[in-house]
Amino acid sequence: MRAAALALGLVLLAACGAAAQSEALPHVGFVVKRTGGSFAQEMTSGFHEGVGRIGGVSATVTGPPGQDGHKEVELFRDLSMTARGGIAVATSEPSLMAPSIGEVLRQRVAVIGVDTRLTASSGVKLHIGNDNYELGEKLADELMRRMPPDATGTVVLGNTAPGLAGFDDRAEGIRGRFAEKLPGVVVLGPFDTQRDDAANRDTWKRLVAANPNALAFVGTGDCDGVNLAALKTEKSARWLVGGFGVDPRTLQAVRDGAMVASISPEHYLKGAVAGWLLARHAKRGAVLPEGWIETPGLTVTTANLDQVLHRQESEKARREFFQPQIDSFVEDPASWVRPLEQAR
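Analysis parameters
Residues numbered from 1 in each chain as written. Predicted model: local features only at pLDDT ≥ 70, side-chain atom pairs only at ≥ 80, totals over all residues. Heavy atoms only, no water. Helix = DSSP H or I, 4+ residues; strand = E, 2+ residues; numbered from the N terminus. Buried < 20%, exposed > 50% of the residue type's maximum accessible area, 1.4 Å probe, protein only. Salt bridge = Lys/Arg side-chain N within 4 Å of Asp/Glu carboxyl O. Pairing = 2+ DSSP bridges.

Peer 1: Would you mind going over unusual backbone geometry in detail, with residue names and values included?
Peer 2: Both trends apply: most residues other than glycine have a negative phi, and most peptide bonds are in trans. Between Gly189 and Pro190 the backbone carries a cis peptide bond, its omega angle lying at 15 degrees. In this structure, Arg34 takes a positive phi of about 50 degrees despite not being glycine. Within the secondary structure layout, Arg34 lies in the loop between β1 (27–32) and α2 (38–54). We classify Arg34 as partly exposed; its relative accessible area is 27%. Located in the positive-phi region is Gln194, a residue other than glycine, with phi close to 75 degrees. Tracing the chain through its elements places Gln194 in the loop between β7 (185–192) and α7 (197–210).

Peer 1: Tell me about the pattern of salt bridges, and name the residues and values.
Peer 2: Applying the stated criterion across every chain yields a total of 22 salt bridges. Arg177 is the partner of Glu137 in a salt bridge, and the nearest nitrogen-oxygen pair spans 3.4 Å. Of the two residues, Glu137 is situated in helix α5 (residues 132–145) and Arg177 in helix α6 (residues 167–181); the sequence distance between them amounts to 40 residues. Here Glu137 and Arg177 have matching classes, each one buried. Put simply, Arg249 and Asp247 hold a salt bridge, and the shortest N to O gap is 3.1 Å. Owing to a relative accessible area of 12%, Asp247 belongs among the buried residues under this scheme. Among the ionic contacts, a cluster of salt bridges with common partners joins Glu137, Asp141, Arg177, Glu180 and Lys181.

Peer 1: Describe the sheet that holds strand β11 (residues 291–294), naming the residues involved and giving the relevant values.
Peer 2: Across the sheet, 7 strands lie side by side as β2-β1-β3-β4-β5-β11-β13; this open sheet has mixed pairing. Looking at the sheet topology across the chains shown, the edges are occupied by β2 (58–62) and β13 (337–338). Two strands pair when backbone bridges link them, and β11 and β13 are joined in this way by 2 bridges, in the antiparallel orientation. In the sheet register, Trp292 faces β13, and the bridge partner there is Arg338.

Rendered as structure tokens:
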């Protein structure tokens, strides 16, 4: 009798275990840099939206609150133990991350790069991100529209992450556009303006003091534009300011006239594309494309500021704003893919 009861218990336990296993959802993940940054929050929201479009897939987004490449690696390795359906990576330290990515790929877990290009040594074959050189050109165009066609003088250029792919490309796009359209304007830099907000502000204070007659100050990172706009307001200065991102302070600076324009890399869209691709791969076994999925940026000026402010008010508004672009990608992903070696 006791043996029969024990056998029945083992059968029930086995059945429960099988049921729990069958009910477990495929799991995907995303490691982002600086979770406290508005860009990371945008990518996170987009990622969950993309995963939700497939349905039946669980998702985890993780990352350090501040600049910490070693922590990114640690969190990636931890996430790889559970997110077996695939992992997206938006890292601040591609070289540091590469060995761990290689190990995970050898375990047959899919990895894709988002925003910052991963190194070739990582072995990742898919990158989702902007044409950053073109984004730099867009910002230069907005600055030049406020200058006379025969303008002469200097523009001071800062880079929050020199040596990092994407940020260097933005800087080169700005320099190249001025050389092409306004050869009388000399672009100084790019100077290392630091990733930390306080250090960035101090660096710009020194650069502004050293170049009081500059036509414009422009940087490649989110904090560049925010701090420059604040300095311009404090000094009641006339020089032009350009930057990147849709941080609330950035949008307020555009509204106040302290910033000419901000170029939004549209991080929400990148996150959504990554989430949809990984969820489809995890749930349906769909093969991930190889190459560069180029996502467009958006020039934010007073002309479209109200529309952008509205979309930033809520998750619902963001989802509605980006829905046509996400739909376009979902309908024909292949048309968005370019050769990986062209990514910049």
